[in-house]
Every structure is written in C-alpha cells, then in structure tokens.
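Residue-level listing of the chains:
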Amino acid sequence: MSTTRTDLPVTTAGIEQTQGGEPVGSARSERLSALIQQHGALAVLVIVSLVASFSFDSFATGDNVSNMATSSAFLAIVALGMTFVIITGGIDLSVGSLFALGGVLAAWGSRHGTLVALLLPLAVCGLIGVVNGLLVARSRLAPFIVTLAAMLGARGLMLAVTDEGADTFLIGKGSFLAELGQGTTLGLGNPVWITLALFVVGAVVLRRTRFGQHVYAVGGNEDAAALMGAPVARTKILVYALSGLLAGLAGALNAAWLASGVTILGNGMELEAISAVVIGGTLLTGGLGYVSGSLVGVLLLKVIQNVINQIGSLDSSYQQVVSGAFLAVVVIAQTWLGRRRHLM
C-alpha cells in the first residue's frame, strides 16, 4: 500500500515573488516610480537650495527668503487653479491675462473702497472662467482654443479699462488693500500666508471631497466618469471658474503689493504656471496631480531664477532657458515613469 507524504518542505519562492497577485519586485518598482513622480521636484528643490546656500552668502538670508516667498505667492495662487484644470485633462492659457486684468480692476476699484477692489476682479475673472468652462464642457470646444481666445479678450478688456495702457491706477497707502499686499505677519508677507491657506484648502478639496474625486475621475477617463454618474460638464465648468477666480485674486494681491495696477504684468505667466504644475508631478494628460507638488514646482522655478540672479554674470533670459530645459526633462521623465508603471 502506497502512502502520500505531506511533510515535504514547502518552498517560499512563489510567496516571495508574488504579493497580492503581483510580483514583489514589480510592486516595489511601481512604488518607487510613483515616489519619484510625486516627490522628485521636492528633492531637487532641497538640493538646489543647499548648494545655493553654500555658494552664495546672500541666498539664505532672511530678506532674500522673504522676497522669494512673496514673489512666489502670486504665481502659486495661479498655479493652484491650473492644477485643478490640468488634472481634468484641460489647459488654461488665459490666466496670465486674467492676472493682469485682476490687478487693474483691483486698483481701479480701490477708489470706491476695499470691498469693490476685491470683489470686482473676482467677479469679472471668475465669470470669464465660467464662460471658458461652458464652452469647453457644453460646446466641447478644445480648451487650448477657448482659453487662447479668452487670453486675448481679457488682455483687450484690460487695455480698454486703462485707455491702451495710458492710465495707471494707484492704490492709496494706509488702506486695508495696501496692508493686505504689503503688510507682514511673523516675518512673512501677508500674500504668503494667504497662499498657504489657499493651498491647504485646495489640498483638502482635492483629496477629501466628492468634487475632488470627480476632478480625478474626469481626468482619468471622462467616459468612464460619466458612466459612474460623475457630473462631467459641471466639474469642468467649476475648475475653469476656479482657475479664473484664483488668477483674478492673484492679480488683485499683486496690485496691492505694488500699490498700482501694472498693465505689462502677466505676459507668459500661463506658461510659468503650467511649468510649475507639471514640474510638481501633475500629468499633462490628466488624472494624476498634487496640490503640494505645484507649490514645490513654483518654489523650484523661483529658486532657479534667484540663483541665476545671484550669479550676476548671466543675463535674465537664461532663466527662461533653464526653466524650459528643466520642464522638458521633467516631461520626459514623467512619460517614462508613466509607461514604466503601465507596463508593470
């Protein structure tokens, strides 16, 4: 009579190679790719800042850090709105013109009180954002074309308000609006604290609310999101409205900081905002993005610009060259990491 032995040694090779139906090595590589994609910009920011601190005596000073933080605040607010738009798979080229328009409207409205100075740019720029969203979501027009038209329209409206740039509206010293832009709290400018508060709210909305889930779902797969019952059109309208609203707010705060509505500001700001968002780990194809990453992307761009200024022998045009090259490297790295994760 034959017997079957059940006390044979059991190999653990199969268990080590799979975990939850997925090879351990593949899972680790995927986590590493995701970690690099999400926090790679932060690592570069830390390295560049440390090198600059040891290389330039004036880089890590309180005044320089405060100036960088304040100048970064306005771009960061614009980039926050752009983050929501890009996660849905869209793009907003109008934010630079809305930034300039918001500053001019805030300075013009300051003659009628602080409340008008703050509400007017928010209302006008937010309305333009709503129109962008309606055309993209309801008419199914390309976001690139819609927001390009809005960029030209907003710039034209700003020139009409300022008589082709001949009029410069000033914000009176001592007003609440001026204090909002020029005042400091705990050593940092008020615009910095406002920006940090907005990013905290943005992170909570994006990660902890149903609207945030819809934003990711629409960017990931619009058709699938619609089948799941997500309000695709409403989500798109809201993100473009949010982008316009934040661009107008950034312009108003910048005007308060400068004590005037400067018409030449905002040129190319939409490209800087897009660069910061992409550098921070948000995919241009949509479906994946981080509010904190966009803030890191803005800081990294500003630190690079400051380092070039610290060198002194380089022309300011090199800032755009370095930023463009850095953006190209990031996009290539994101594409490679995305394909790597898809193949795993």
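This is a predicted model, so every value here is computed, not measured. (Residues numbered from 1 in each chain as written. Predicted model: local features only at pLDDT ≥ 70, side-chain atom pairs only at ≥ 80, totals over all residues. Heavy atoms only, no water.)

Draft legend 1. Expanded view of the packing of helix H3 (residues 62–87) against helix H11 (residues 232–258). Contact geometry of H3 with H11 gives a least axis separation of 7 Å together with a crossing angle of 170 degrees. It follows from the interaxial angle that H3 and H11 lie roughly antiparallel. Listed contacts from H11 to Thr-70, Phe-74, Ile-77, Val-78, Leu-80, Gly-81, Met-82, Phe-84 and Val-85 of H3 are Val-239, Tyr-240, Leu-242, Ser-243, Leu-246, Ala-247, Ala-250, Leu-253, Asn-254 and Trp-257. A breakdown of the residues in the contact of H3 with H11 according to their chemical character gives 15 nonpolar, 4 polar and no charged. (Axes fitted to C-alpha atoms, helices over the stretch in contact; angles between N-to-C directions. Helix = DSSP H or I, 4+ residues; strand = E, 2+ residues; numbered from the N terminus. Parallel < 35°, antiparallel > 145°, perpendicular 65-115°, else oblique. Contact = heavy atoms within 4.5 Å. Nonpolar A, V, L, I, M, F, W, Y, C, P; charged D, E, K, R; others polar.)

Draft legend 2. Expanded view of the packing of H3 against helix H13 (residues 291–311). Running from N to C, H3 and H13 point in directions that differ by 140 degrees, and their axes come no closer than 8 Å. Classified by the interaxial angle, the pair formed by H3 and H13 is oblique. Crossing handedness for the pair H3 and H13: right-handed. The residues of H13 that touch H3, namely those facing Asn-64, Met-68, Ser-71, Ser-72, Leu-75, Ala-76, Ala-79, Leu-80, Thr-83 and Phe-84, are Val-291, Ser-294, Leu-295, Val-298, Leu-299, Lys-302, Val-303, Asn-306 and Gln-310. Across the contact of H3 with H13, the residue classes break down as 11 nonpolar, 7 polar and 1 charged. (Left-handed = near helix turned anticlockwise from the far one by under 90°.)

Draft legend 3. Region of the structure containing the packing of aromatic side chains. Enumeration according to the criterion identifies 2 aromatic pairs in this entry. Measuring from ring centre to ring centre gives 5.3 Å for Phe-74 and Trp-257, while their planes differ by 40 degrees; the resulting arrangement is tilted. Remark: Trp-257 occurs in helix H11 and Phe-74 occurs in helix H3; sequence separation between them is 183 residues. Between the aromatic rings of Phe-84 and Phe-211, the centroid separation amounts to 6.3 Å while the plane-to-plane angle is 15 degrees, which identifies the pairing as stacked. Of this pair, Phe-84 sits in helix H3 while Phe-211 sits in helix H9 (residues 210–220), and the two are 127 residues apart along the sequence. Residue Phe-211 is classed as partly exposed on the basis of its relative accessible area of 22%. (Phe/Tyr/Trp six-rings, centres within 6.5 Å; stacked < 30°, edge-to-face > 60°. Buried < 20%, exposed > 50% of the residue type's maximum accessible area, 1.4 Å probe, protein only.)

Draft legend 4. Representation of the environment of Leu-141 in the model. For Leu-141, the position within the fold is in the loop between helix H5 (114–137) and helix H6 (143–161). When near neighbours in sequence (up to four residues on either side) are disregarded, Leu-141 contacts Leu-135, Val-136 and Val-146.

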